[in-house]
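So you can see what is in the structure, the chains are spelled out below.
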Amino acid sequence: MSYSTADSFRPVTLDDVRGAQKMLSGVARVTALEGSRHLSQMVGAPVHLKCENLQRTGSFKLRGAYVRIAGLLPEERAAGVVAASAGNHAQGVALASALLGVRSTVFMPKGAPLPKVSATRDYGAEVRLHGQVVDETLAAAQEYAAETGAVFIHPFDHPDIIAGQGTVGLEILEQCPEARTILVGIGGGGLAAGIAVAAKALRPDVRVVGVQAAGAAAYPPSLAAGRPVAIENPATMADGIKVGRPGDVPFGIVGELVDEVRTVSEDELSAALLLCLERAKLVVEPAGASPVAALLSEPGAFEGPVVAVLSGGNVDPVLMERVLRHGMAAQGRYLAVRLRLTDRPGALATLLGALSVVDANVLDVSHVRTDPRLGLTEAEVELHLETKGPAHCAEVGQALREAGYTVIG
């Protein structure tokens, strides 16, 4: 399978995806399909997790990058390749280039997480930090391509990329031929488009559902308009699907073959990431957890067996800590309370004693005595508590009220 860079808008077919699968043999892992008893009970049908978070480089991106670079003409390979990415695509291009003996340059935002920058360099790419947001980084990479003749490797807007990502769909139907629904996160649309090409060609009855973060959902307005529409200032913790405009090539496929595009909230993404970690023992980035978030938001909406594609696991440890806390808060397992008490010796100990009776774990205490809003003998205390869920939160509040405290926030 060898195509020139000018051949960017040809259709993507099942034969393309099968050709990509042969090309990726021995390069990309056939990732595991793991059952989830917890999600299955919630949905009322078998739910399986397609673990692309365990793929080489930590995401599905190696598949498309390798197929795209392997399909370059000899003179194009000699010129090298360039890409722009905050993480997953960067690592996929870096490793694919190294395996194929092609020189690679990857532009990354200045604020890209250090583990992702380090991993991209370790895979063999020359990393250039440029810009504060991906759009600035993308412009720099395209300028570099124009100046040097290097081939720009787009993260999703090329048939070879889509064919490579479509191999995930082939594996799903090989591992779970009875699947009725496939849930997959959508950013630019390359993965969803590739999976839909493979799945619909082999099993037209399979329902393919795309999932976007509500704060970066460019597909719903684009599908309504019948063309790719850019949204302003996409905002979500799920940087893997934080794309402001659908790709031209995947948009046509998604519009034709993807049955539905849903959105999920930041709270649902956080809860999904936490569930993957606690119940499935899988480290998944927010974008990769988006299909699980869709299951959590409306479990009865999907006919089983359901396959949820965990597209990546490259999560920055600092973000992971914040997201886990957010996820626990969304599940009612963190509680912040603010109250006033008489400023006298032992008052704080008495308050903590009341909390210990209801088995609330105190994580942090902030004690304020000098706020001008306080009376002469008053102090304000803010407590951050670890609880066991919404019912326990209510029990804590009731215990405080029965002990004579007034919660003010």
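Shown above is the structure to which this text applies.
Here's a quick rundown of the structure. (Residues numbered from 1 in each chain as written. Predicted model: local features only at pLDDT ≥ 70, side-chain atom pairs only at ≥ 80, totals over all residues. Heavy atoms only, no water.)

1. Observations regarding the state of the cysteines
Our working definition: By convention in this document, the label disulfide applies to cysteine sulfur atom pairs within 2.5 Å. For the exposure calls, accessible area comes from a 1.4 Å probe over protein chains only, and a residue counts as buried if that area is under 20% of its type's maximum, exposed if over 50%, partly exposed in between.
According to the stated counting rule, one finds 0 disulfides in the structure shown. The thiol sulfur of C176 is not disulfide-bonded, and the nearest other cysteine sulfur, from C51, lies at 13 Å. Assessed through its relative accessible area of 1%, C176 is described here as buried.

2. Some remarks on the pattern of salt bridges
Definition in use: We define a salt bridge as a contact between a side-chain nitrogen of Lys or Arg and a carboxyl oxygen of Asp or Glu at a distance within 4 Å. The secondary structure listing takes helices from DSSP runs of H or I that are at least 4 residues long and strands from runs of E that are at least 2 residues long, numbered from the N terminus.
According to the stated counting rule, one finds 14 salt bridges in the structure shown. Residues E52 and R63 are paired through a salt bridge, measuring 2.8 Å at the closest nitrogen-oxygen approach. Taken as a pair, E52 in the loop between β2 (47-51) and α3 (61-70) and R63 in helix α3 lie far apart in primary sequence, 11 residues in all. The same class applies to E52 and to R63, which are both buried. We note a salt bridge from R262 to E260, for which the minimum N-O separation is 2.9 Å. You can call R262 buried: its relative accessible area is 16%. We classify E260 as partly exposed; its relative accessible area is 23%. Sharing partners across several salt bridges, the network here consists of K50, E52, R63 and E171.

3. Points about the sheet that holds strand β7 (residues 181-185)
The cut-off we apply is this: Only strands that DSSP links by at least two bridges are regarded as paired with each other. Each axis is a line fitted through C-alpha atoms, taken for helices only over the stretch in contact, and angles between the N-to-C directions span 0 to 180 degrees.
Within the open sheet, the 6 strands sit side by side as β1-β2-β10-β7-β8-β9. Their pairing is mixed. Whereas interior strands pair on both sides, the edge strands pair on one side only; in this sheet they are β1 (33-35) and β9 (260-264). Neighbour-to-neighbour, the strand axes of this sheet turn through a mean angle of 25°, independent of strand direction. Bridge count for β2 against strand β10 (residues 306-310) is 5 bridges, and the pairing is parallel. Bridge pairing links L49 to A308 in β10.

4. Notes on helix α9 (residues 190-202)
We apply this condition: Multiply 1.5 Å by the residue count of a helix minus one, and that product is the helix's expected span. Contacts between residues were defined by any pair of non-hydrogen atoms, one from each residue, lying within 4.5 Å.
Helix length check: α9 (13 residues) gives 19 Å between terminal C-alpha atoms against 18 Å at 1.5 Å per residue, within 8%. Most of α9 sits out of view: 11 of its 13 residues are buried. Tucked inside the fold, the buried residues of α9 contact α1 (14-24), α8 (159-175), β7, β8 (207-213), α11 (248-257) and β10.

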